[in-house]
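Residue strings, one per chain:
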Amino acid sequence: MKPHLIIFGIMIAGFIAYNLFFAATDDRANTLINIIYASVLFGYMAFMAFVVLKKMRK
């Protein structure tokens, strides 16, 4: 489980870094990138929850 948390932490740091330093100048593009990135983050959270539940079942 530890590698999953490290990957998730790196993804969160990337999201914060993008919004602070590398945000797109076009508002629509920036919103689209934020929505896609947040969707990937929530999908990875769901994957981590699935892995935890699968390990608890055994």
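Everything discussed here concerns the structure shown above.
Since this is a predicted model, take the numbers as computed values, not measurements.

Undergrad: Tell me about helix H2 (residues 27-57), and name the residues and values.
TA: With 31 residues, H2 extends 45 Å from end C-alpha to end C-alpha; this agrees with the ideal 45 Å at 1.5 Å per step. Asn30, Asn34, Leu41, Tyr44, Met48 and Val51 are the residues of H2 that are buried. Looking at the buried side of H2, the elements it contacts are helix H1 (2-21).

Undergrad: With reference to specific residues and values, describe the side chain of His4.
TA: Its location among the elements puts His4 in helix H1. A polar contact of 3.2 Å, which involves the side chain of His4, links it to the side chain of Tyr44. Apart from residues no more than four positions distant in its own chain, His4 is found in contact with Tyr44, Phe47, Met48 and Val51.

Rules behind the numbers
- Residues numbered from 1 in each chain as written.
- Predicted model: local features only at pLDDT ≥ 70, side-chain atom pairs only at ≥ 80, totals over all residues.
- Heavy atoms only, no water.
- Helix = DSSP H or I, 4+ residues; strand = E, 2+ residues; numbered from the N terminus.
- Expected span 1.5 Å × (residues − 1).
- Buried < 20%, exposed > 50% of the residue type's maximum accessible area, 1.4 Å probe, protein only.
- Contact = heavy atoms within 4.5 Å.
- Polar contact = N/O pair within 3.5 Å; in protein donor to acceptor, adjacent residues only side chain to side chain.

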